[in-house]
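In case you want the letters, here they are:
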Amino acid sequence: MGANSSSICELPENEYLKRLSGAEAVSENDPFWNQLLSFNFTTPTSSAELKLLEEATISIFKSLVENNPRTGNLGALIKVFLSRTKELKISAECQNHLFIWQAHNALFIICCLLKVFICQMSEEELQLHFTYEERMPGSYGVECEDLIEELLCCLIQLIVEIPLLHISCETDTFHKNVLTATTRARNDWDICLKRLIMEKSLGLPYTSRLVKTLLYNFIRQERSPPPGSHVFQQQTDGGGLLYGFASGVATGLWTVFTLGGVGSKPAPQQEQSSPLANQSLLLLLVLANLTDAPDTPNPYRQAIMSFKNTQDSTAFPSPSPHAFQINFNSLYTALCEQQKSDQATLLLYILLHQNSNVRTYMLARTDMENLVLPILEILYHVEERNSHHVYMALIILLILTEDDGFNRSIHEVILKNITWYSERVLTEISLGSLLILVVIRTIQYNMTRTRDKYLHTNCLAALANMSAQFRSLHQYAAQRIISLFSLLSKKHNKVLEQATQTLRGSLSSDDSPLPDYAQDLNVIEEVIRMMLEIINSCLTNSLHHNPNLVYALLYKRDLFEQFRTHPSFQDIMQNIDLVISFFSSRLEQAGAQLSVERVLEIIKQGAVALPKDRLRKFPELKFKYVEEEQPEEFFIPYVWSLVYNSAVALYWNPQDIQLFTMDSG
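Residues numbered from 1 in each chain as written. Predicted model: local features only at pLDDT ≥ 70, side-chain atom pairs only at ≥ 80, totals over all residues. Heavy atoms only, no water.

The name an unreviewed UniProt entry gives the protein chain is Dymeclin, with Gopherus agassizii as the organism. Regarding the protein chain, the relevant UniProt record gives this comment under Sequence similarities (unreviewed entry): "Belongs to the dymeclin family." (UniProt positions renumbered as here; feature names shortened; annotations may be inferred.)

Another aspect to go through is the overall build of the protein chain. Looking only at helices and strands, the protein chain features 29 helices and 6 strands. A burial count over the protein chain gives 55% of its 665 residues as buried. Of all intrachain contacts in the protein chain linking residues separated by at least 6 positions in sequence, the fraction that spans at least 24 positions is 74%. In the structure as shown, the protein chain presents an accessible area of about 29800 Å², 49% of it carried by carbon and sulfur atoms. (Helix = DSSP H or I, 4+ residues; strand = E, 2+ residues; numbered from the N terminus. Buried < 20%, exposed > 50% of the residue type's maximum accessible area, 1.4 Å probe, protein only. Contact = heavy atoms within 4.5 Å. Areas by Shrake-Rupley, 256 points an atom, 1.4 Å probe, with all protein chains shown as cover.)

Inspection of every chain in the model, using the stated rule, returns 16 aromatic pairs. Relative to Tyr-361, the ring of Phe-328 has its centre 5.4 Å away and its plane inclined at 75 degrees; by these criteria the two rings are edge-to-face. With Phe-328 in helix α16 (residues 328-337) and Tyr-361 in helix α18 (residues 356-363), this pair connects stretches of sequence that are 33 residues apart. Looking at Tyr-361, the relative accessible area reads 21%, which means it is partly exposed. Looking at Arg-441, its charged tip hangs above the ring of Tyr-380, at a distance of 4.1 Å from the centre. (Phe/Tyr/Trp six-rings, centres within 6.5 Å; stacked < 30°, edge-to-face > 60°. Lys NZ or Arg CZ within 6 Å of the ring centre and 35° of its normal.)

We now examine helix α15 (residues 299-306). Among all positions of α15, only Pro-299, Tyr-300, Arg-301, Ala-303 and Ile-304 are buried. The opening residue of α15 is Asn-298, an N-cap whose side-chain oxygen sits 2.8 Å from the backbone nitrogen of Tyr-300. (Polar contact = N/O pair within 3.5 Å; in protein donor to acceptor, adjacent residues only side chain to side chain.)

Bringing the environment of Ser-472 into the picture now. With respect to the element layout, Ser-472 can be found in the loop between α23 (453-467) and α24 (475-506). Judged by its relative accessible area of 52%, Ser-472 falls in the exposed class. Along the sequence, Ser-472 and Ile-429 sit 43 residues apart, while their C-alpha atoms lie 9.8 Å from each other. Those residues in contact with Ser-472, other than ones at most four positions away along the chain, are Ser-433, His-545 and Asn-546.

Positive phi, close to 55 degrees, is recorded for Asn-417, a residue that is not glycine. Counting through the fold element by element, Asn-417 comes out in the loop between β5 (414-416) and β6 (428-430). Residue Asn-417 is classed as exposed on the basis of its relative accessible area, which comes to 51%.

Below, the discussion takes up the packing of helix α20 (residues 387-401) against α23. Axis separation between α20 and α23 bottoms out at 9 Å; the angle between their running directions is 25 degrees. It follows that α20 is roughly parallel to α23 by the angle criterion. As α20 runs across α23, the sense of the crossing is left-handed. Of α23, the residues touching α20 (which contributes Val-390, Tyr-391, Leu-394, Ile-395, Leu-398 and Thr-401) are Tyr-454, Leu-455, Asn-458, Cys-459, Ala-461, Ala-462, Asn-465 and Met-466. Here the residues of the contact of α20 with α23 sort into 11 nonpolar, 3 polar and no charged. (Axes fitted to C-alpha atoms, helices over the stretch in contact; angles between N-to-C directions. Parallel < 35°, antiparallel > 145°, perpendicular 65-115°, else oblique. Left-handed = near helix turned anticlockwise from the far one by under 90°. Nonpolar A, V, L, I, M, F, W, Y, C, P; charged D, E, K, R; others polar.)

A few words now on the confidence of the model for the protein chain. Per-residue confidence for the protein chain averages 78 on the pLDDT scale, and 73% of its residues sit at or above 70. Here residues 134-142 scores under 50 on pLDDT; set against residues more than four positions off or in separate chains, the count is 9 contacts. (pLDDT = per-residue confidence, 0-100.)

Here it is in structure tokens:
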């Protein structure tokens, strides 16, 4: 590297990198840094090229690890970067190419170095690399921690204050890469970095501004520059060599950031994605899910919980040090458009669950189908999604169904030609009926594949919340409700038969222990009870609105015979049995060979004639989402897995960074 162009194969012999990693200490005021940072390097555009870069620099990294505790060149490089960034805002406004160019190059080198260091070292070892003062072996002072703190604060300021030039994009990426690397590092360094981010930046005035900036980066979905584009406006005199270097480096930064987003043909899914928005969102999720500091709540989470709409003129409750305002309409649109990604779904969950302002705004929207349909599509393609993404989608539905207004309004939204639903052609169906179909399909998939009780619980809770507000159910949705009950009934009978046969066989043999069928029966009966309560809730509260459900109930009336006298279901079966008997009697009086249309007409007439007081009232079915009931250690590992997977896809594989073995001495 240096003033000339460099290629990967030349890096091991590069004189500037050799001096950086050598045994000679380089002062932060040495002209060497201007030479080192004035490079024009063709940045990698794929994970394969990045691996080649890492392999080519093994000797550089090894030499730096051995010599840096004595030379302090890593700390000097960071100080040089910090000095460059002090004038960066003015440079960006004036388009001073030199400062932007060198700041980017310094940040690129720091990122590459720390990425390896964090994966290879403990906290104590890494802190030794941030100071070169002579100390007793294994000891370190506060200078190294102060330098790390200053670097983190500087990066936060860059994200918040610098206009959206490409240096800002690299800053987001740097944050995410360092945080990602900690997922592969030892626990002590992981805790150290989180502590620095949490405790050392609590007093900064940038907490809410950082959250706001990251959210707006997600909202705006900035695209990569097109192939061959120039970041800086060319000077009228042609710009000279410096212009060519600066423009090439800045465009190349996007190339690193997108791994091929500039100058290469993107995949269909990549065409709709924004690397800057994605990295901003990942960083936001990491910050929001850091554990609270002693006696102090996470300020980033507090900011996410308290921000309001720009259209909201009411005063913030006092005190609100982290409160800010953001355009909810733009945020809602971005969330609706980006639900194919896990991280966007997780952000939607966090906002709905923790920010009452966002939840109230979304539930008041008249175009809720734009938000609900992408969530339903996630559940419909459950085979292609990871379990965490499916859980998030279900929890979002559960939170939404806690609101009676939502449960009513979704049956008023009529959809046409749902192309992604392939089991049956749905030319016209309400959003509520489609929601029921997708949730029931998820339950059936879970019964045959994953058998996850927690997933069952959330699906049934969402159906239960909606049941009293069922309106004009599509005939296919009504059929699927009864079909699910039929499937549960068959499963119940099968387990009961297996238990009976096993018990009979055990009377003649004492050799083998009996399988525990009691637990299986108990689980199935709990689910059956829940389904009966859902059907009963609909019949009790909205019988006259759902002739198709009554029709499906009558068509499969034999399914319910065995449960009339079952001690677990006798009470809940009273209303269902009464409805079946009442409408069966009216159909018998109307004669045989009735058409479907005639049967539905008789059901509608009977629904008006049936006295409401004949149906026994049960407590309203209402289930609220409780975060504590999540599977143990759900969210934080999920967030880190998203960051890690993004790093593997976009940048590097931490498992590949076993570049060298630390010497025992």
